[in-house]
Amino acid sequence: VQLQASGGGLVQAGGSLRLSCAASGRTFSNYGMGWFRQAPGKEREFVATITSTGGTTVSTDSVKERFTISRDNAKNTVDLQMNSLKPEDTAVYYCAASARPATYRRFHWAYDYWGQGTQVTVSS
């Protein structure tokens with residue numbers, strides 16, 4: 001699976017951005033999808049994941065009520081709607097695809113394919 005993330009940018013605190021990840025290659029609907037982020041000097045951090053059918057989503061506590069992950073299997077895309085952004089959300093955001101059981105999808109090692117990342121910068 002080839003993944004291409006887009007939609008990052010510079011936004012003021014309290015603003016919104018919508019990240020999108022376009023997939024090509026293998027059958028997109030066979031994979032659970034996730035978003036991770038990595039801030040400078042920090043480890044890659046789990047943000048959210050969605051099952052192959054889109055029926056279940058899980059997100060990390062720090063983004064609950066603010067970020068929403070969704071997918072469109074007809075368009076081979078997975079999106080991350082980010083609202084009420086905070087300066088601590090500043091990071092490079094990566095989309096990833098996983099064929100492993102959903103139980104493991106909080107962990108970066110569970111993902112087989114990664115996009116190139118898109119920068120999100122939130123100013124205070």
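What comes next concerns the included structure. (Residues numbered from 1 in each chain as written. Predicted model: local features only at pLDDT ≥ 70, side-chain atom pairs only at ≥ 80, totals over all residues. Heavy atoms only, no water.)

Our next topic: the environment of Gln-81. Among the secondary structure elements, Gln-81 is positioned in strand β8 (residues 77-82). Spatially, the C-alpha atom of Gln-81 lies 23 Å from that of Lys-42, the residues being 39 residues apart in sequence. Gln-81 has contacts with Ser-16, Leu-17, Arg-18, Arg-66, Phe-67 and Thr-68, leaving out every residue within four places of it along the chain. A polar contact of 2.9 Å, which involves the side chain of Gln-81, links it to the side chain of Arg-18. A polar contact is formed between the side chain of Gln-81 and the side chain of Asn-83, at a distance of 2.9 Å. (Helix = DSSP H or I, 4+ residues; strand = E, 2+ residues; numbered from the N terminus. Contact = heavy atoms within 4.5 Å. Polar contact = N/O pair within 3.5 Å; in protein donor to acceptor, adjacent residues only side chain to side chain.)

This part is about the environment of Ala-5. Relative to the assigned elements, Ala-5 resides in strand β1 (residues 2-6). Judged by relative accessible area, Ala-5 falls into the buried class, the value being 5%. It is 8.9 Å that separates the C-alpha atoms of Ala-5 and Ala-23, two residues lying 18 residues apart in sequence. Excluding residues that lie within four positions of it along the chain, Ala-5 makes contacts with Ser-20, Cys-21, Trp-35, Cys-95, Gln-116 and Thr-118. (Buried < 20%, exposed > 50% of the residue type's maximum accessible area, 1.4 Å probe, protein only.)

A separate point is unusual backbone geometry. Located in the positive-phi region is Asn-76, a residue other than glycine, with phi close to 60 degrees. Of note, Asn-76 is situated in the loop between β7 (67-72) and β8. Overall, Asn-76 belongs to the partly exposed group, its relative accessible area being 27%. Positive phi, normally seen in glycine, also occurs at Ser-84, with a value near 50 degrees. Checked against the element boundaries, Ser-84 lands in the loop between β8 and β9 (91-98).

Worth remembering: the numbers are spatial, not functional.
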